[in-house]
Amino acid sequence: MEFPDPDEIAHLIDPQPYPSFARVSYDPPTETLSDLLATVRSELDRLPLDDLEPDATVAVGVGSRGIHRIDDVVAETITSLEERGFDPVVVPAMGSHGGATPEGQREILAALEITEDRIDAPIDARMDVKKLDEVDVDGTTTPVYFSAAALEADAVMVINRVKPHTNFTGRIESGLCKMLTVGLGKQRGAQAFHSTAIEQGYVPTIESLVAALRDAAPVIGGLALVENFHEETGYLEAIPASSLEEREPDLLERARDEMAMLPADDIDLLVVDELGKEISGAGMDTNVIGRYRVLNAPDPENPSIKLIYARGLTAETSGNGNGIGLADITRRAAVEQLDLQKTYANALTSGSLAKAKLPPVVPNDELALRTALNALGGYDPETARVAWIENTTDLAEFYVSEALLEEIEDGVTVRSRAQLTFDDGTAEFERV
């Protein structure tokens, strides 16, 4: 596909004056777990490991990206299981991610520093699944698929972060339950899950599948992590399989209170430097940008952001640009980073097609910003509320226009003043 050059579209919209900006830091009160690895060891005692035979094989499902020190947590879990006399094996629990291939899922784990050398345990990345059962979810028959590699083990546990999901709101969102039902369902299980969840609701689908898996697979539970504003582990708890649906809602509320959010609900233009799957399953955290764009799931009430400009992809996402469709405009540099096979594998499996759509693509930052500011209607640089962030995870420091600063100045610290400049169409902030 050919996109227009600057001289082909620049005449369509007159240049706009830009707001003055301030770089601010945002540091709400939060807690960090003092000794993460010691907590991993002590919490494992809460799982029913004593019920296993000596030399039992334990499949450890992992794979969510962006989790603080996930490699250390997995390695400590493996070591602790081995010291208890068990034989652990890591099984990627990430549905269709990595292009729905064993090589792609190993690549994702390697990007998390989870390799066989690092954790001193084998990784079985087969995509094979076994159909264990069928469940009725409010009249919809849904097959229950589960990783063949995990089923070959004597016990299965998962390690995941509990957090608000990027597609829906409910008593159970991202966490151990979803990793068991979607992540360890591999591509076929993830597709079956999303097909039913879009129609009947995510929470009842998760609960029905968890109940079936508990009866049909040797699931013993898992380690649930809750992160704070700075994306560090603030809390960790082992949850036995019998208590999953009971404990996750409380941890979800804790995660919601702690999660990184912008200190403003009303923003005219949000500029996001990078999106990626390691930042959020939707590329950008939908709770931060206020957009789910999912059938039968209304967008969050807050924040309210009129326009979003996505500038590019992270290196770690390896071309998976799922989430670029949540933006209203992007630039050619971002499109050149896209791996459509990986992006489409994610979107087609989840059924969230809007996240893989391409918004208008312009040549560079200067024209993207000119276009976005014009699209606001009645644009005034003195009143435009603009926020410019690196990504939706790193929200400790970012740029805001002076108009937005006036609304949030009691909650942030101004680090410097800046003006927006351009070098061959690429935006830069120059300190003033």
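See above for the structure.
A few points on the structure. Computed from a prediction, not measured in an experiment: that's the story for all the values here.

## Notes on the pattern of salt bridges
Okay, so step 1: Applying the stated criterion across every chain, the model contains 34 salt bridges.
Okay, so step 2: Of the charged contacts in the structure, one is a salt bridge between Asp5 and Arg332, with a shortest N-O distance of 3.5 Å. On the criterion of sequence distance, the pair formed by Asp5 in the segment before helix H1 (6-9) and Arg332 in helix H12 (residues 332-335) is long-range, its members being 327 residues apart.
Okay, so step 3: Of the residues examined, Asp5 reaches a relative accessible area of 37% and is grouped as partly exposed.
Okay, so step 4: Close ionic contact of Arg118 with Asp72 constitutes a salt bridge, the shortest N to O distance being 2.5 Å. Remark: Asp72 occurs in helix H3 (residues 70-83) and Arg118 occurs in helix H5 (residues 116-119); sequence separation between them is 46 residues.
Okay, so step 5: Note on Arg118: relative accessible area 32%, which makes it partly exposed.

## Quick look at the sheet that holds strand S8 (residues 233-240)
Okay, so step 1: Taken together, 5 strands build an open sheet; the order of strands is S3-S2-S6-S7-S8 and the sheet is mixed. Only two strands of the sheet have a single neighbouring strand rather than two, namely strand S3 (87-92) and S8. The average undirected angle you get between the axes of adjacent strands in this sheet is 20°.
Okay, so step 2: Here strand S2 (residues 57-62) pairs with S3 via 6 bridges, running parallel. Across the sheet, Val60 pairs through a bridge with Val90, a residue of S3.

## Considering a negative patch on the surface
Okay, so step 1: A cluster of acidic residues, Asp55, Glu82, Asp87, Asp117 and Asp120, forms a negative patch on the protein surface.
Okay, so step 2: With respect to the helices and strands, the residue Asp55 is situated in the loop between helix H2 (36-44) and S2.
Okay, so step 3: For Asp55, a relative accessible area of 63% gives the class exposed.

Rules used throughout
- Residues numbered from 1 in each chain as written.
- Predicted model: local features only at pLDDT ≥ 70, side-chain atom pairs only at ≥ 80, totals over all residues.
- Heavy atoms only, no water.
- Salt bridge = Lys/Arg side-chain N within 4 Å of Asp/Glu carboxyl O.
- Helix = DSSP H or I, 4+ residues; strand = E, 2+ residues; numbered from the N terminus.
- Buried < 20%, exposed > 50% of the residue type's maximum accessible area, 1.4 Å probe, protein only.
- Pairing = 2+ DSSP bridges.
- Axes fitted to C-alpha atoms, helices over the stretch in contact; angles between N-to-C directions.
- Patch = residues over 30% accessible without salt bridge, like charges linked within 9 Å, V, L, I, M, F, W, Y side chains within 5 Å.
- Areas by Shrake-Rupley, 256 points an atom, 1.4 Å probe, with all protein chains shown as cover.
- Lys, Arg positive; Asp, Glu negative; His and termini not counted.
- Charge placed at Lys NZ, Arg CZ, Asp CG, Glu CD.

None of this, on its own, says anything about what the molecule does.
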